[in-house]
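# Report on the structure
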Amino acid sequence: MTQSSAGYMRLPLFVQETLYSKNKAKRQFVTRTLGLTFAFNVLWFLSLEGKVTPEEMNVTIGKLGVYMLLAELCLTSLLWLFCTHLRQWPRRIALAAVPLNLYLWYLYDHGNILMSHGAFNMLIFFMIGVPLNLVIATLYLWHRSAGSWRAFGYQFLFVWAFIFTWNFFSMRRSYRLLDVGFWELTGNSGCAAGDVAGHCRPDQCVWDKPYPWIDLLAVPQNFFLGPMTCPKLDHFSATIDPATNILTVVGCPATETTYLDSYFSETRLETFRGPAVSYLPNTETWGYEDKEDNLLAPYNNFQRKVLTYVEGNSHAYPQGGLDIGDTQTVLVRCGLLEPKLVYRVKSLDAPAPPTAKAPVVVEEKGQDGELNVVFVFLDAVSRRHFFRKMQKTVKTMERFAKPGVVDTPDESPVLHQFFRYHAIGLNTGPNTRALWSDIPSNDKETGATPIWEDFHKDGYVTGRMDGVCEDWNAFYNTAHFPTKELKTVPAAVSHEMIAFSCLPPYLPVGKGFAGNFAGSTSMKAHCLSGQHIGWHMLDWLDIFVKEYYEKKSKFFVTGVFLEGHEGSTEVIKTLDDRLSAFLDPSTSNLDYNNTAVFVQADHGLHMGLNYIFFDNGHVEEVQPFSGVILPAWYTRKHGDRIKDNQDRLVTAHDFWATMQGMRGAAKARKSTAGGRDLVREDVGDRSCETLGIDPEACRCNVKGQSG
């Protein structure tokens, strides 16, 4: 017996019989099956390559996308090989082996981080594979029903011609819209959309313009997750009287049995007769130990501390009302229903500035140009994507006045857009460190005072609300955090509404359960207590501004929204109706005559199909959205410089400097990273090189140059 024969003898008997069969088709079937299976598993393994930094992943992601696409084609070929070449029972067995293979890979790597991203790979795999196989199945059944290849060919050519024509004109429109902003203006405020796209001034950089192929996708990328709505929670109601601190619950019977179960185990902690109330902590004075979080730890430490507090501060609700004291946020429990989130903004006295005996209030047109500031921060939303998904908000914002219109009344709000706003990094870290603390992108170690602390020291009431269970100072600005050994620290912000975003079921306990389908980066609707998280946040911001307008106190408040930071690009749409109402002067609590409103992102999306497979995704990643609404009197006071600055290359450092100016020129700190106050200063000609943007990441270049 030869060595080759001995090798074959070691194979299972059915494989020997198949390989030596006289039936050539069977031999080819087995060879193809083994080859495709081997190729799929090798390609999948290669696609799991991890990286430490976003910059490293940015270089590698195109290659990983090719591996995933080839693996997709291998598995699709394998599926249809089984469907067309096997009889009933063998086909069922073979098809059952496919999900088993995928499940084994999921067990091997189901992470959601750069070093371990198997769950994200699996998500992209299904987002491509399900539509692809539906198309193939349609073509297969269509061919069979046509009766002949000739008839199928004629029908197919007719349909293809229609689809091609439709997509051709759709792509022409999408390509044109890459340059278009509010009021159909393009890269210069004097250029209409019909002009040469933003090239009116040769001294300005021009964005790269790869085709946005993703716009041809006919269905939402998260179509398989169902409607983007939140289940209503209207079986009972609860309100807080701001004057008396009394919480009143209506609609939950006193005979209802309500359970308090541990978030961390299956332990039942307490049983109540009637409603129960759990207090959420005020976290303004929490020390680093309670707020820090290690990405490699099995639990989010901040969430663990919040939920431990909730478990230890839950009480029976006395009929007639409960005095909650200084607590700002509670969970009201009733039977087995999801708890209801109830919140308020308990009015505080503004902190006294160091040089003043009493807090200063904002006058009708400010003092030395001082303004209230409301900052709506949209994580990972590009300029183009804002116009794709937030169409109602776009229409609302277009009702504000255009910059530079001579007869605009002084008290009218004017909308400013920044066509050449360029991210300085590839993720939240460097961009928010620049936006909040003016830290250069090449400085990854030091910390600096966040902008809200500057306003706080000046006597402004300050507020922070984050839709992610994470303290920015502890996570991104660690070196600035007060002495890390202290359990409590002096409050550097008046109101901190973050603890609510740590609550299940919005954020399940344990990092292995968050990711693509739960938490702040979920592709599903971000729901808590019968409402979108983003709607809760805008409700809270509405309460905040109303409260302090009535007190005539100066304020600075931010809301950080994560709806844009997910792989399907669809969840951001859930904000549209509520953000439109929040900004609309006819429904809003905002007083635009003494308030600056920023609606702004830090960068575009760095995940999903567009980013992985198309260059347009990489351009949009560094092309964040920005819209700034200012009273006309404020910009006129400084010569309407901001109108020309809209067309200049700007970064987060410039918006930091602009917010500094809103404290008043005498108090504003100067940027050490080249930031300019876009209202008070002329920006002038710039380039990525002069702004410290990595040439490899620069996608806006002066004509004749390249990054």
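The structure displayed is predicted, hence computed values, not measured ones.

### Examining the environment of glycine 404
Its location among the elements puts glycine 404 in the loop between helix H11 (391–397) and strand S12 (413–417). Residue classification places glycine 404 among the partly exposed residues on the basis of a relative accessible area of 40%.

### A word on the state of the cysteines
If you walk through the whole model with that rule in mind, you get 5 disulfides. The disulfide partner of cysteine 252 is cysteine 334, and the gap between their sulfur atoms is 2.1 Å. Disulfide cysteine 252-cysteine 334: torsion about the S-S bond near 100°, hence right-handed. Here cysteine 334 lies in the loop between strand S9 (329–333) and strand S10 (340–343) and cysteine 252 lies in the loop between strand S3 (246–250) and strand S4 (257–261), a separation of 82 residues in the sequence. Grouping residues by exposure puts cysteine 252 and cysteine 334 together as buried. The disulfide bridge from cysteine 688 ends at cysteine 698, spanning 2.0 Å between sulfur atoms. Taking the sign of the S-S torsion, about 70° here, the bridge from cysteine 688 to cysteine 698 comes out right-handed. Of the two residues, cysteine 688 is situated in helix H22 (residues 688–691) and cysteine 698 in the loop between H22 and strand S22 (700–702); the sequence distance between them amounts to 10 residues. Cysteine 83 supplies the cysteine sulfur nearest to cysteine 74, a cysteine that is in no disulfide, at a spacing of 16 Å.

### Some points on the sheet that holds strand S6 (residues 276–279)
Pairing is antiparallel in the open sheet, where 4 strands are placed in the order S7-S6-S9-S10. The open sheet has two free edges, formed respectively by strand S7 (314–316) and S10, since each of these has just one partner strand. The sheet shows a mean angle of 25° between the axes of neighbouring strands, direction not considered. Taken together, the 4 bridges between S9 and S10 define a ladder with antiparallel strand orientation. In the strand pairing of S10, valine 332 is matched with lysine 340.

### A word on the sheet that holds strand S11 (residues 372–378)
On the basis of which strands lie adjacent, the open sheet formed by 7 strands has the order S12-S20-S19-S11-S18-S14-S15 and mixed pairing. The sheet is open, and its two borders are formed by S12 and strand S15 (495–497), each paired with just one other strand. With direction set aside, neighbouring strand axes in the sheet form an average angle of 10°. As judged from the 4 bridges shared by strand S19 (residues 595–601) and strand S20 (residues 626–631), these two strands associate in the antiparallel manner. In the strand pairing of S20, valine 597 is matched with isoleucine 629. Taken strand by strand, helix H12 (residues 428–437) contacts S11, strand S18 (555–561) and S19, and its axis lies near 175° from that of S11. The sheet strands contacting helix H15 (residues 533–551) are S11, strand S14 (461–466), S15, S18 and S19, and the helix crosses S18 at an angle near 175°.

### Section: the nonpolar core
Here is a general trend for soluble globular proteins: nonpolar side chains tend to be buried in one another's company. If you look at the biggest cluster of nonpolar residues, it comprises 64 residues, and the most contacted ones within it are Phe386, Leu583 and Val599. Among the nonpolar cores identified, the runner-up in size contains 50 residues, and Trp472, Leu562, Ile693 and Cys698 belong to it.

### Things to note about the environment of tyrosine 279
Within the secondary structure, tyrosine 279 sits in strand S6. For tyrosine 279, the residues in contact, after removing those within four places along its chain, are Tyr309, Val310, Asn313, His315, Leu322, Asp323, Ile324, Thr327, Thr329 and Val330.

### Brief notes about the confidence of the model for the protein chain
Scored by pLDDT, the protein chain comes out at a mean of 87, with 91% of its residues at no less than 70. Contacts for the low-pLDDT stretch residues 357–364, under 50 throughout, to residues beyond four places or in other chains number 17 contacts.

### Side note on helix H21 (residues 652–661)
In terms of burial, H21 is largely enclosed, as 10 of its 10 residues are buried. The set of residues buried in H21 consists of Ala652, His653, Asp654, Phe655, Trp656, Ala657, Thr658, Met659, Gln660 and Gly661.

### With respect to a nonpolar patch on the surface
Together, Phe156, Leu157, Phe158, Val159, Trp160, Phe162, Ile163, Phe164, Trp166, Phe168 and Phe169 line one region of the surface with nonpolar side chains, adding up to about 1,200 Å² of accessible area. Within the element layout of this structure, valine 159 appears in helix H7 (residues 149–177).

### Overview of the packing of aromatic side chains
Across all of its chains, the model carries 43 aromatic pairs by this definition. Judged by centre distance (6.4 Å) and plane angle (10°), the ring pair of phenylalanine 156 and tryptophan 160 falls under stacked. Of this pair, phenylalanine 156 and tryptophan 160 are both found in helix H7, 4 residues apart, which corresponds to roughly one turn of the helix. A relative accessible area of 47% places tryptophan 160 in the partly exposed class. Plain terms: the ring middles of phenylalanine 264 and tyrosine 299 are 6.2 Å apart, the flat faces sit at 80° to each other, and that makes the pair edge-to-face. Of this pair, phenylalanine 264 sits in the loop between S4 and strand S5 (268–273) while tyrosine 299 sits in the loop between helix H8 (288–291) and helix H9 (301–312), and the two are 35 residues apart along the sequence. Taking relative accessible area as the criterion, tyrosine 299 reaches 34% and is therefore assigned partly exposed.

Rules used in this analysis
- Residues numbered from 1 in each chain as written.
- Predicted model: local features only at pLDDT ≥ 70, side-chain atom pairs only at ≥ 80, totals over all residues.
- Heavy atoms only, no water.
- Helix = DSSP H or I, 4+ residues; strand = E, 2+ residues; numbered from the N terminus.
- Buried < 20%, exposed > 50% of the residue type's maximum accessible area, 1.4 Å probe, protein only.
- Disulfide = S-S within 2.5 Å.
- Pairing = 2+ DSSP bridges.
- Axes fitted to C-alpha atoms, helices over the stretch in contact; angles between N-to-C directions.
- Contact = heavy atoms within 4.5 Å.
- Core = buried A, V, L, I, M, F, W, Y, C linked by side-chain atoms within 4.5 Å.
- pLDDT = per-residue confidence, 0-100.
- Patch = residues over 30% accessible without salt bridge, like charges linked within 9 Å, V, L, I, M, F, W, Y side chains within 5 Å.
- Areas by Shrake-Rupley, 256 points an atom, 1.4 Å probe, with all protein chains shown as cover.
- Salt bridge = Lys/Arg side-chain N within 4 Å of Asp/Glu carboxyl O.
- Phe/Tyr/Trp six-rings, centres within 6.5 Å; stacked < 30°, edge-to-face > 60°.

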